[in-house]
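# Per-entry structural report
Chain by chain, the residues:
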Amino acid sequence: MTANIQLGGHPDLGESVGVTYSRSITFIPTYSCVFACGYCAFARPTPLAGLEEAAACFIRGVQAGCHEVLIMSGEGVMAFPSIRQQLTQWGFQDYNDYLSAVCRLALDHGLLPHINIGNQSELDFRRLRPFCASMGMMLETTSVALMRHPAHRHAPGKHPQARLATLAAAGRVRVPFTTGLLVGIGETWADRQAALSAVATLHRQYGHIQEVIIQPFTPHPRTAMAAYPGPDLSTLVKTVRMARDTLPPDVVIQIPPNLTPSAEARRQLLLAGARDFGGISPEPDHINPDEPWLSPEHYAAELAEWGFVLHLRLPVYPRFQTPQWLSPTVYPYVCAKSATVTNGGNGLQEQASGVVPRSQPG
Ligand SMILES: O=c1nc2n(C[C@H](O)[C@H](O)[C@H](O)CO)c3cc(O)ccc3cc-2c(=O)[nH]1
Ligand SMILES: C[C@H]1O[C@@H](n2cnc3c(N)ncnc32)[C@H](O)[C@@H]1O
Ligand code: MET
Ligand code: SF4
């Protein structure tokens with residue numbers, strides 16, 4: 001299986017292997033977070049953004065040709081008294097209620113919401129599911145030892161038990177889900193293997209994992225881990241290969257192209273089995289603001305040289321575009337989008353399907 005994947009495409013034979021991405025804008029309700037991960041440059045106390053701010057972001061996204069809005073925030077938002085006060089003033093029951101309103105607004109504007117706000121309970125998922133297309137949360141690692149190290153010393157929510165409980169809750173509620181590993185935060189090879197095996201087990205039980213991100217830790221100044229080096233390319237390549245060998249074949253491996261700065265590095269990660277570039281945004285990455293994305297056209301051109309073809313996808317992968325996986329509210333929006341993405345208009349080859357090489361039937 002690995003050998004087959006490593007071949008990539010054969011441009012001379014007219015065969016190209018598909019690599020997908022989503023055109024996506026990010027909306028940050030708040031940067032406030034009760035945790036302090038040692039690598040994080042995102043968390044800082046900020047008030048909750050108003051719905052007008054959300055609407056302005058969605059309009060920018062639609063104008064830039066996005067289909068998805070990634071809604072991302074810190075964790076434990078309800079612990080901040082000033083945010084609770086804002087919620088009450090605006091007539092929201094709690095943060096989840098506010099997020100539902102943000103999602104409905106996104107749908108009205110023509111964007112499919114993908115929510116990544118960290119740990120959630122089964123009840124949280126049940127309440128949010130009606131209004132979003134997909135959700136996600138990085139498992140990051142299953143290492144308990146890192147709970148005593150700079151990475152997670154001040155982040156009890158990153159305990160593997162909490163993370164795995166969230167992934168299982170999402171499975172029970174049937175939410176199309178994205179998760180991933182954060183590579184280079186002090187974990188061992190055994191930790192990487194254990195985390196991937198845990199995701200594989202959860203997927204075999206619930207079938208809800210769309211994709212697994214292999215995300216390189218990127219050091220940021222003024223964080224506890226500023227002096228730690230990021231992982232080298234050979235570590236990333238080996239982790240992608242391990243992911244491909246461990247995860248069921250219907251789980252796609254995502255690499256963020258902006259955190260993999262050289263074209264040669266991206267090529268090696270694709271040859272190791274990665275098949276998705278994640279959300280490519282017209283605006284800066286809120287987690288790694290110094291790592292700009294290149295245009296989809298740029299990535300498409302470099303992929304073509306290596307025998308791959310870049311396809312636009314939605315935040316919901318094709319096999320999850322069913323009433324089983326989507327609420328009655330969101331399903332029609334996804335179907336409508338799916339038709340426009342298939343018929344395409346951004347100049348690149350587009351298809352609704354994420355994993356099937358274009359040359360294959362079906
Ligand atoms: O721009 C980013 N997008 C991130 N995404 C979004 C991703 O690029 C796309 O939104 C998904 O592939 C859905 O299309 C995440 C989504 C998740 O569900 C979980 C974690 C991440 C992490 C990042 C990230 O660090 N930066
Ligand atoms: C959105 C996701 O980004 C990851 N994340 C947070 N900080 C960093 C960093 N410095 N480098 C890479 N990934 C990071 C976390 O795992 C989070 O879940
Ligand atoms: C902004 S980081 C992404 C969401 C959440 N705080 C987490 O760490 O999982
Ligand atoms: S990575 Fe997420 S949980 Fe950790 S400090 Fe940053 S915002 Fe909070």
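If you check an unreviewed UniProt entry, the protein chain appears there as 7,8-didemethyl-8-hydroxy-5-deazariboflavin synthase from Chloracidobacterium validum. UniProt, in the comment section headed Pathway (unreviewed entry), describes the protein chain in these words: "Cofactor biosynthesis; coenzyme F0 biosynthesis." Annotation of the protein chain in UniProt includes, under Cofactor (unreviewed entry), the sentence "[4Fe-4S] cluster".

## Section: the environment of serine 327
Position of serine 327 among the secondary structure elements: in the loop between strand S9 (308-312) and helix H11 (330-343). Judged by its relative accessible area of 4%, serine 327 is buried. Here the alpha-carbon distance between serine 327 and phenylalanine 131, two residues 196 residues apart in the chain, equals 7.5 Å. The residues contacting serine 327, other than those within four sequence positions of it, are Arg129 and Pro130.

## Quick look at the site of ligand 3
Every residue near ligand 3 is listed here: Phe42, Met72, Ser73, Gly74, Glu75, Asn116, Ile117, Gly118, Lys158, Arg163 and Ile287. Between ligand 3 and lysine 158, the relevant distance is 2.9 Å, taken from an oxygen atom to a side-chain nitrogen or oxygen of the residue. The class makeup of the residues in the shell around ligand 3 is four nonpolar, four polar and three charged.

## Here we look at the site of ligand 2
Neighbouring ligand 2 are 13 residues, the closest being Tyr39, Glu140, Gln215, Thr218 and His220. Within the complex, the protein chains bury 91% of what would otherwise be the 400 Å² of accessible surface of ligand 2. For the shell around ligand 2, a count of residues per class yields seven nonpolar, five polar and one charged.

## A few points about the pattern of salt bridges
Per the counting criterion, the structure on display carries twelve salt bridges. The partner of arginine 126 in a salt bridge is glutamate 122, and the shortest N-O contact between them spans 2.5 Å. In this pair, arginine 126 and glutamate 122 are both assigned in helix H5 (residues 122-128), four residues apart and thus about one turn of the helix distant. For glutamate 122, a relative accessible area of 24% gives the class partly exposed. Taking the shortest distance from any N to any O, the salt bridge between arginine 192 and glutamate 187 comes out at 2.9 Å.

## Regarding helix H4 (residues 95-109)
Over its 15 residues, H4 runs 21 Å from end to end, which matches the ideal 21 Å to within 8%, given 1.5 Å per residue. When you tally the buried positions in H4, you get eleven out of 15 residues, the bulk of the element. Along H4, the positions that sit buried rather than exposed are Tyr95, Asn96, Tyr98, Leu99, Ser100, Ala101, Val102, Cys103, Leu105, Ala106 and Leu107. N-cap assignment for H4: the residue whose side-chain oxygen lies 3.3 Å from the backbone N of asparagine 96 is aspartate 94. One or two steps after H4, the chain reaches glycine 110, where phi turns positive at roughly 100 degrees.

Scoring rules and cut-offs
- In this convention, every chain numbers its residues from 1, walking through the sequence in written order.
- All chains are assigned letters beginning at A, and all ligands numbers beginning at 1, according to the order in which they are written.
- For a predicted model such as this one, the threshold for reporting local features is a pLDDT of at least 70, and the threshold for listing and counting side-chain atom pairs is 80 or more; totals across whole chains, interfaces and linings nevertheless cover every residue.
- Values shown for side chains rest on all heavy atoms present in the structure; no hydrogens or waters enter the calculation.
- UniProt positions are given in the numbering used here, feature names are shortened, and annotations may be inferred rather than shown by experiment.
- Numbering of helices and strands runs from the N terminus; a helix is a DSSP stretch of H or I covering at least four residues, while a strand is a stretch of E covering at least two.
- Three labels apply to residues, based on accessible area from a 1.4 Å probe with only protein chains included: buried if under 20% of the type maximum, exposed if over 50%, partly exposed otherwise in between.
- What makes two residues a contact is simply this: any of their non-hydrogen atoms within 4.5 Å.
- Throughout, the term near means that a residue has one or more heavy atoms lying within 4 Å of the molecule or strand in question.
- Contacts described as polar in this section are N or O atom pairs within 3.5 Å, which, within protein, must combine one atom able to donate a hydrogen with one able to accept it, while residues neighboring in sequence count only if both atoms come from side chains.
- Amino acids are sorted into nonpolar (Ala, Val, Leu, Ile, Met, Phe, Trp, Tyr, Cys and Pro), charged (Asp, Glu, Lys and Arg) and polar (every other residue, Gly among them).
- For every accessible area listed, the method is Shrake-Rupley and the probe measures 1.4 Å; residues are considered covered only by the protein chains on display.
- One side-chain nitrogen of Lys or Arg within 4 Å of one carboxyl oxygen of Asp or Glu is enough to make a salt bridge.
- Expected helix span is computed as 1.5 Å times (number of residues minus one).

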